Amino acid sequence: MKVHLIAYDVSQKDQAEELYAYISEYYTSSPWIPNIEKIMQGGVKYFKAMHNNQQIGITGYVLKTPTLAETVKTTVFHDFRSKGLGKLVSEAIEEECRRNGVKKIMTTIFHFNHSMVAIKLKQGYTIEGYHPDHEAPGFHEYSLGKVLK
Ligand SMILES: CC(C)(COP(=O)(O)OP(=O)(O)OC[C@H]1O[C@@H](n2cnc3c(N)ncnc32)[C@H](O)[C@@H]1OP(=O)(O)O)[C@@H](O)C(=O)NCCC(=O)NCCS
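First things first, this report covers the structure right here in the doc. (Residues numbered from 1 in each chain as written. Predicted model: local features only at pLDDT ≥ 70, side-chain atom pairs only at ≥ 80, totals over all residues.)

Moving on: the overall build of the protein. When its secondary structure is counted, the protein shows 4 helices and 7 strands. Along the chain direction, N to C, the helices and strands of the protein fall in the order β-α-α-β-β-β-α-β-α-β-β. Expected size for 149 residues packed as a compact globule is a radius of gyration near 15 Å; at 15 Å, the protein falls within 12% of this value. The dimensions of the protein, computed from C-alpha atoms along their principal axes, are 35 × 35 × 35 Å. Within the span of the protein, comprising 149 residues, buried residues form 28% of the whole. Pairs at least 24 residues apart make up 55% of the contacts formed inside the protein by residues separated by at least 6 positions. (Helix = DSSP H or I, 4+ residues; strand = E, 2+ residues; numbered from the N terminus. Rg over C-alpha atoms; globule rule 2.2 N^0.38 Å. Buried ≥ 20, exposed ≤ 12 C-beta atoms within 10 Å, placed from the backbone. Contact = placed C-beta atoms within 7 Å.)

Examined against the element boundaries, Tyr142 turns out to sit in strand 7 (residues 141–147). Spatially, the C-alpha atom of Tyr142 lies 6.4 Å from that of Phe110, the residues being 32 residues apart in sequence. In contact with Tyr142, other than residues within four places in its own chain, are Thr108, Ile109, His111, Val117, Ile127, Gly129 and Tyr130.

With 21 residues, the main nonpolar core has Leu19, Ala49, Val89, Ala92 and Cys97 as its most contacted residues. No other element matches the 4 residues that helix 3 (residues 85–99) contributes to this core. Excluding its chain neighbours within four sequence positions, the residues that come into contact with Ala49 are Val3, Leu5, Gln55, Ile56, Gly57, Ile58, Thr59, Val89 and Ala92. (Core = buried A, V, L, I, M, F, W, Y, C linked by C-beta atoms within 7 Å.)

Moving on, we get to the sheet that holds strand 7. Taken together, 7 strands build an open sheet; the order of strands is 1-2-3-4-5-7-6 and the sheet is mixed. Where the open sheet ends on each side, the last strands, each with one partner, are strand 1 (4–7) and strand 6 (126–131). Each strand axis lies, on average, 30 degrees off the axis of its neighbour in the sheet, ignoring direction. Bridge count between strand 2 (residues 44–51) and strand 3 (residues 54–65): 8 bridges; the pairing is antiparallel. (Pairing = 2+ DSSP bridges. Axes fitted to C-alpha atoms, helices over the stretch in contact; angles between N-to-C directions.)

Our focus in this paragraph is helix 1 (residues 13–26). Compared with the 20 Å implied by 1.5 Å per residue over 14 residues, the 20 Å span of helix 1 between its first and last C-alpha is a close match. Regarding helix 1, the residues found buried are Ala16, Leu19 and Ile23. Projected down its long axis, helix 1 shows its buried positions confined to an angular sector of 60 degrees, all on one face. Seen from the open side of helix 1, the exposed residues pointing more than 90 degrees away from its buried face are Lys13, Asp14, Ala21, Ser24 and Glu25. Where helix 1 is buried, its residues touch helix 2 (36–41), strand 2, strand 3 and strand 4 (68–76). (Expected span 1.5 Å × (residues − 1). Arc of directions from axis to C-beta.)

Moving on, we come to the site of the ligand. Neighbouring the ligand are 22 residues; Arg81, Gly86, His114, Ser115 and Ala118 lie closest to it. Among the elements of the structure, strand 4, helix 3, strand 5 (104–110) and helix 4 (114–122) are those that each provide at least two residues to the shell around the ligand. Looking at the shell around the ligand element by element, the count peaks at 6 residues for helix 4. (Near = placed C-beta within 6 Å.)

A few words on the packing of helix 3 against helix 4. In the contact formed by helix 3 and helix 4, the axes pass within 10 Å of each other and the chain directions differ by 55 degrees. It follows from the interaxial angle that helix 3 and helix 4 lie oblique. Of the two elements, helix 3 crosses helix 4, and the hand of that crossing is right-handed. Each of Gly86, Lys87 and Ser90 in helix 3 lies in contact with helix 4, whose residues at this interface are Ser115, Ile119 and Lys120. Residues that form the contact of helix 3 with helix 4 fall into these classes: 1 nonpolar, 3 polar and 2 charged. (Parallel < 35°, antiparallel > 145°, perpendicular 65-115°, else oblique. Left-handed = near helix turned anticlockwise from the far one by under 90°. Nonpolar A, V, L, I, M, F, W, Y, C, P; charged D, E, K, R; others polar.)

Okay, here's the thing in structure tokens:
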């Protein structure tokens, strides 16, 4: 069964607070996470990732140009990891971007995040760059991209 996405309305404080709580609890490898004010500023389209009528994670994207999207914060809650749902959330955000006219999708992934790199490579992304000390000193990142056909 596919994962489907439900958009957050980040202009609503309770929804921004919910997102912040999930990012704080589950997106723990990053030294920089957005605070509630930053989330409410917009710019990132965030979604609930739903599977079997249950929220199992979050995901999002930023339009860098009208046809280039960077996906962000793709996260599966702890209890649901290692069951193939990360792959489905990645597919769902790609599909959402496609539906919105995106022609190229990219993401940056920490060098130690082997499961996410593996997911993206298996979904046809290629490594387009390696960025030492990128998000912060010691937090090297790969950028991976895929042209959508
Ligand atoms: C990354 C994350 C979304 C993966 O979710 P998940 O539901 O556990 O992922 P899945 O079960 O769909 O798939 C994991 C895949 O990684 C593979 N994998 C896991 N560890 C691996 C490793 N060390 N090396 C290579 N592949 C690995 C698994 O084999 C599996 O692929 P397969 O089923 O084809 O064998 C989840 O760990 C998470 O939310 N992490 C915190 C947030 C995060 O880091 N997000 C990514 C930001 S870019």
